[in-house]
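Understanding the architecture of this molecule
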Amino acid sequence: MKSYSISIPHFYCLEYKENNCKLILDIDFRDPIIYLDISQIKNWEPPNDAKR
């Protein structure tokens, strides 16, 4: 089973962790409206960036 978590470590980013892979989205949570878009997803953080 996959395990995942979503956290907001700073007001300017969102972290998504799935198993042992981490993805960081640059989002400013101080904005009055926040848009999530698939174009914000670039790649997994190293060393998992080549896996997906």
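How each quantity is defined
- Residues numbered from 1 in each chain as written.
- Predicted model: local features only at pLDDT ≥ 70, side-chain atom pairs only at ≥ 80, totals over all residues.
- Heavy atoms only, no water.
- Phe/Tyr/Trp six-rings, centres within 6.5 Å; stacked < 30°, edge-to-face > 60°.
- Helix = DSSP H or I, 4+ residues; strand = E, 2+ residues; numbered from the N terminus.
- Buried < 20%, exposed > 50% of the residue type's maximum accessible area, 1.4 Å probe, protein only.
- Pairing = 2+ DSSP bridges.
- pLDDT = per-residue confidence, 0-100.

Attention now goes to the packing of aromatic side chains. Applying the stated rule across the entire model yields 3 aromatic pairs. Look at Phe-11 and Tyr-12: their rings are 5.2 Å apart centre to centre, the planes differ by 90°, and that puts the pair in the edge-to-face class. Seen from their ring centres, Tyr-16 and Trp-44 are 6.1 Å apart, and the 40° between their planes marks the pair as tilted. Placement of Tyr-16 in strand β2 (residues 13-18) and of Trp-44 in the segment after β3 (21-26) is noted, with a sequence separation of 28 residues between them. Taking the relative accessible area as the measure of exposure, Trp-44 reaches 10% and is therefore buried. Among the aromatic residues, those joined into a cluster by ring pairs are Tyr-4, Tyr-16 and Trp-44.

The side-chain alternation of β3 yields one buried face, formed by Cys-21, Leu-23 and Leu-25, and one unburied face, formed by Lys-22, Ile-24 and Asp-26. In terms of strand pairing, β2 meets β3 through 6 bridges, oriented antiparallel. Paired with Leu-14 across the two strands is Leu-25, which belongs to β3.

The share of residues in the protein with pLDDT of 70 or more is 96%, and the mean pLDDT across the chain is 88. Between the elements of the protein, mean pLDDT differs from a low of 92, seen in β3, to a high of 94, seen in strand β1 (residues 4-10).

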